[in-house]
Amino acid sequence: MTNPTTPPPALLAWASRELGARPAAKDVSHPRETSRVWRLDLPEAARFYLKISPKAVMYERETLALRSAAPALGAGGAPQLRAASAGHQAPGAYTQRTRPTTMEV
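Throughout, a residue's number is its position along its own chain's written sequence, starting from 1. Selection of residues for local features in this predicted model requires a pLDDT of at least 70, selection of side-chain atom pairs for listing and counting requires 80 or more, and totals for whole chains, interfaces and linings are taken over all residues. Side-chain metrics rest on all non-hydrogen atoms present in the structure, leaving aside hydrogens and water.

1. Topic: helix H1 (residues 9-19)
- Think of it in three bands: residues with accessible area under 20% of the maximum for their type are buried, residues over 50% are exposed, and the middle band is partly exposed, with areas taken using a 1.4 Å probe on protein chains only. Each helix is a run of DSSP H or I of at least 4 residues and each strand a run of E of at least 2, with the numbering of both proceeding from the N terminus. Restricting attention to buried positions, one finds in H1 the residues Leu11, Leu12, Trp14, Ala15, Ser16 and Leu19.
- Gly20 occupies a position one or two residues after H1 and carries a positive phi of about 80°.

Written out as structure tokens, the structure reads:
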């Protein structure tokens with residue numbers, strides 16, 4: 001994978017503003033060229049994920065699902081969208097709070 005292991009500075013600054021604190025970022029991308037995902041850990045043990053979609057249509061599809069379908073599943077039923085920005089690092093980036101799980105490492 002040739003992607004950087006840390007989010008671009010402007011993207012991390014955006015995520016920090018959205019989350020209200022500067023998180024520690026860890027690259028959790030899949031081993032393919034287009035995967036750009038980071039786990040963001042905040043001091044109070046909150047965990048979010050930041051993702052850059054490889055194509056605008058994928059960003060639109062995923063954010064639509066997180067805005068409309070995921071809330072219908074209820075708390076813990078799906079990731080919850082915290083923030084999204086189509087114009088930031090086009091085609092887009094978003095953070096989502098993780099589902100509660102006992103399998104987290």
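2. Points about the pairing of strand S3 (residues 47-52)
- In the sheet, strand S2 (residues 37-41) pairs with S3 via five bridges, with the strands oriented antiparallel. Counterpart to Asp41 in the pairing with S3 is Arg47.
- Only strands that DSSP links by at least two bridges are regarded as paired with each other. The antiparallel pairing of S2 with S3 creates a hairpin that spans five residues between the two strands, and Ala45 there sits at a positive phi of about 75°.

3. Comments concerning the confidence of the model for the protein chain
- For every residue, the predictor states its confidence as a pLDDT score lying anywhere from 0 to 100. Mean pLDDT over the protein chain works out to 79, with 80% of the residues at or above the 70 mark.
- Mean pLDDT in the protein chain bottoms out at strand S5 (residues 93-97), which sits at 66, and peaks at strand S1 (residues 24-27), which reaches 94.
- The criterion used for residue contact is that any of the two residues' heavy atoms lie within 4.5 Å. This model gives residues 99-105 a pLDDT under 50, and the stretch forms nine contacts once residues within four places in sequence are excluded.

4. Remarks on the pattern of salt bridges
- Salt bridges are defined by distance alone: a side-chain nitrogen of Lys or Arg within 4 Å of a carboxyl oxygen of Asp or Glu. Scanning the entire structure with this criterion turns up three salt bridges.
- A salt bridge links Asp41 to Arg39; the nearest nitrogen and oxygen atoms lie 3.0 Å apart.
- Asp41 sits in the partly exposed class, given a relative accessible area of 22%.
- Note on Arg39: relative accessible area 15%, which makes it buried.
- Salt-bridge contacts for Glu62 lead to Lys51; the nearest nitrogen and oxygen are separated by 2.7 Å. With Glu62 in helix H2 (residues 56-72) and Lys51 in strand S3, this residue pair connects regions lying eleven residues apart in the sequence.

5. Details of the side chain of Ser29
- With respect to the secondary-structure elements, Ser29 resides in the loop between S1 and S2.
- Residue class for Ser29 comes out buried when judged on its relative accessible area of 16%.
- Counted as a polar contact is a pair of N or O atoms within 3.5 Å, where, for protein atoms, one must be capable of donating a hydrogen and the other of accepting one, and residues adjacent in sequence contribute only when both atoms are in side chains. Looking at Ser29, its side chain comes within polar contact range of the side chain of Asp27, at 2.7 Å.
- Here Val37 takes part through its backbone nitrogen, which lies 2.9 Å from a polar atom of the side chain of Ser29.

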